[in-house]
Amino acid sequence: MQPLRGVTVVALEQAIAAPYASRQLADLGARVIKVERPGTGDFARAYDSRVKGLSSHFVWANRGKESLTLDIKDPRGKELLLRLIAGADVFIQNLAPGAAARAGLGAEELRARHPELIVCDVSGYGSPGPYAGRKAYDLLVQAEAGLLSVTGTPEEVAKAGIPVSDIAAGMYAYSSVLAALLERGRTGLGTHLDVSMLEATVEWMGFPLYYAYDGAEPPPRAGAAHATIHPYGPFTASDGKTVLMAVQNEREWRGFCTVFLGRPELADHPHYATNADRDRHREALGALVAARFAELTSAEAIELLGAVPVANARVNTVAEVWDHPQLAARGRLHEVATPAGPVPALAPPGASTGTPRMDAVPALGEHTRTILGELGLSTEAVEALVAEGVA
């Protein structure tokens, strides 16, 4: 399925948030032209070298794109970028705050020239506002959004193990572009989308915000356990493996007491009769549950939990996820080409038929000559720009 075939996206992007958004568009069939600095490219290319010498971040967020190198500080490079944008449906950028506008690539200026263009700015904090000019990185935004305050242990805050603020902003940029394309199909007009990492992350903070509404106590940091539901969290079995389980309602609690704990009388114990009771006495109850897990192997515990039934999960390592039986059964693992050779890749989520579009991760400047040729430049002119470091 390539529902965005025929859509052209020009992406002046770096790091994760905007590249992640444009990768989703590429997966759906859009032509995504990624504009990078000559010589160095997107700085995420150098974050690490864990994928056959390539950056794990870059391989993840940049498949299916064409890489064009341009020095947009050179008037010739900027002019070529403007010519590309003139033929595009979408322009996405996440340069440093104010940099796009200073370069003559602000939404107001571009849409005055091209009313049909969809301009998507991805930034840390959005504009205007007192934080508009601040640099923003994922961990900093997690802090500003309050995510750190509810993540970790009672003794210490912790960040999420993935760049959740970048991902949130990328997904809202992606869905907003899709909505804007639908609206343009009705009106013929583009729009300006202003997506901030802060607002995307705060939206995902809805439960803690409302839980602490009107001055109430916020949910406590509970490590890998649930902050307000109990028992809900990780427990160690006798073979040293960790199983995570979740009792969600009183029916499950009764079954858990009878089938798993073998102590049906606990279901009506005044300390444990409701979730609020269990939460208030989670330390004592947690010790009872942990003792039962210590009598069972992880396989035995999972079998008993399934018999209740109570939801449960293995606490997989990242290496085990590559071999996850559910992903294999659903045919989610494919291969994509990279400059260093093929690597495994997950198909984009969502129902689809046939083989999804999962094109190569581009080498820096791999498509420069082709794209500039499409703009009408001669081979000699292109080679001159390359030699002078403009392309």
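Above: the structure in question.
Quick summary incoming for the structure in this document. Given the structure is predicted, the values throughout are model-derived calculations rather than measurements.

Digging into the overall build of the chain
Phase 1 of the analysis: Each helix and strand in the chain was counted, giving 17 helices and eleven strands.
Phase 2 of the analysis: Expressed along its principal axes, the backbone C-alpha trace of the chain runs to roughly 85 × 50 × 40 Å.
Phase 3 of the analysis: Counting every position in the chain, which comprises 391 residues, the buried fraction comes to 43%.
Phase 4 of the analysis: By element, 56% of the accessible surface of the chain is carried by carbon and sulfur atoms, the whole surface being about 19400 Å².

Thoughts on the side chain of Glu 66
Phase 1 of the analysis: Within the secondary structure, Glu 66 sits in strand 3 (residues 65-69).
Phase 2 of the analysis: Overall, Glu 66 belongs to the buried group, its relative accessible area being 18%.
Phase 3 of the analysis: Among the polar contacts made by the side chain of Glu 66, one reaches the side chain of Arg 31 at a distance of 2.7 Å.
Phase 4 of the analysis: Those residues within four positions of Glu 66 in sequence are excluded, and the remaining contacts are Arg 31, Val 32, Ile 33, Lys 34, His 367 and Ile 371.

Quick word on the nonpolar core
Phase 1 of the analysis: Within the largest apolar cluster, 30 residues are counted, with the highest numbers of intra-cluster contacts made by Val 9, Leu 25, Ile 92, Cys 120 and Val 122.
Phase 2 of the analysis: When contributions to this core are tallied by element, the ones reaching two or more residues are strand 1 (8-12), helix 1 (17-27), strand 4 (90-93), strand 5 (118-123), helix 7 (164-187), strand 6 (192-196) and helix 8 (197-204).
Phase 3 of the analysis: Apart from the residues within four sequence positions on either side, Val 9 is in contact with Leu 25, Ala 30, Arg 31, Val 32, Ile 33, Val 90 and Ile 92.
Phase 4 of the analysis: Of all hydrophobic cores here, the second largest spans 29 residues; its members include Ile 33, Leu 68, Ala 107 and Leu 385.

Remarks on the side chain of Arg 184
Phase 1 of the analysis: Examined against the element boundaries, Arg 184 turns out to sit in helix 7.
Phase 2 of the analysis: Within the structure, Arg 184 has its side chain in polar contact with the side chain of Asp 89 (distance 2.8 Å).
Phase 3 of the analysis: Filtering out sequence-adjacent residues up to four positions away, Arg 184 remains in contact with Asp 89, Glu 116, Leu 189 and Gly 190.

Considerations on the sheet that holds strand 5
Phase 1 of the analysis: In spatial order, the strands read 3-2-1-4-5-6; together these six strands make up an open sheet with parallel pairing. With partners counted over all chains shown, the strands left at the sheet margins are strand 3 and strand 6, one partner each. For this sheet the average axis-to-axis angle between neighbouring strands, irrespective of direction, equals 20°.
Phase 2 of the analysis: Where helix 3 (residues 75-86) meets the sheet, its contacts fall on strand 1, strand 2 (31-36), strand 3 and strand 4, and the angle it forms with strand 1 comes to roughly 145°.

Thoughts on the packing of aromatic side chains
Phase 1 of the analysis: Per the stated rule, a full pass over the model turns up ten aromatic pairs.
Phase 2 of the analysis: When the ring of Phe 207 is compared with that of Tyr 211, the centres are 5.8 Å apart and the planes differ by 70°; the resulting orientation is edge-to-face. Placement of both Phe 207 and Tyr 211 in helix 9 (residues 206-211) is noted, with a separation of four residues, approximately one turn of the helix.
Phase 3 of the analysis: Judged by relative accessible area, which is 44%, Phe 207 ranks as partly exposed.
Phase 4 of the analysis: Exposure remark for Tyr 211: the relative accessible area of 37% places this residue in the partly exposed category.
Phase 5 of the analysis: Taking the ring centre of Tyr 131 as reference, the NZ or CZ of Arg 134 above it sits at 3.9 Å.
Phase 6 of the analysis: One cation-aromatic arrangement involves Arg 292 over Phe 260; the distance from NZ or CZ to the ring centre is 5.9 Å.

Things to note about helix 13 (residues 298-307)
Phase 1 of the analysis: Within the sequence span of helix 13, burial applies to Ser 298, Ala 301 and Leu 305. Buried positions in helix 13, seen along its axis, are confined to an arc of 60° and lie on one side of it. Opposite its buried face, helix 13 presents the exposed residues Ala 299, Glu 303 and Ala 307, each directed more than 90 degrees away.
Phase 2 of the analysis: Looking at the buried positions of helix 13, the neighbouring elements they touch are strand 8 (242-246), helix 10 (250-261), helix 12 (282-293) and strand 9 (311-314).

The rules behind each value
- Residues numbered from 1 in each chain as written.
- Predicted model: local features only at pLDDT ≥ 70, side-chain atom pairs only at ≥ 80, totals over all residues.
- Heavy atoms only, no water.
- Helix = DSSP H or I, 4+ residues; strand = E, 2+ residues; numbered from the N terminus.
- Buried < 20%, exposed > 50% of the residue type's maximum accessible area, 1.4 Å probe, protein only.
- Areas by Shrake-Rupley, 256 points an atom, 1.4 Å probe, with all protein chains shown as cover.
- Polar contact = N/O pair within 3.5 Å; in protein donor to acceptor, adjacent residues only side chain to side chain.
- Contact = heavy atoms within 4.5 Å.
- Core = buried A, V, L, I, M, F, W, Y, C linked by side-chain atoms within 4.5 Å.
- Pairing = 2+ DSSP bridges.
- Axes fitted to C-alpha atoms, helices over the stretch in contact; angles between N-to-C directions.
- Phe/Tyr/Trp six-rings, centres within 6.5 Å; stacked < 30°, edge-to-face > 60°.
- Lys NZ or Arg CZ within 6 Å of the ring centre and 35° of its normal.
- Arc of directions from axis to C-beta.

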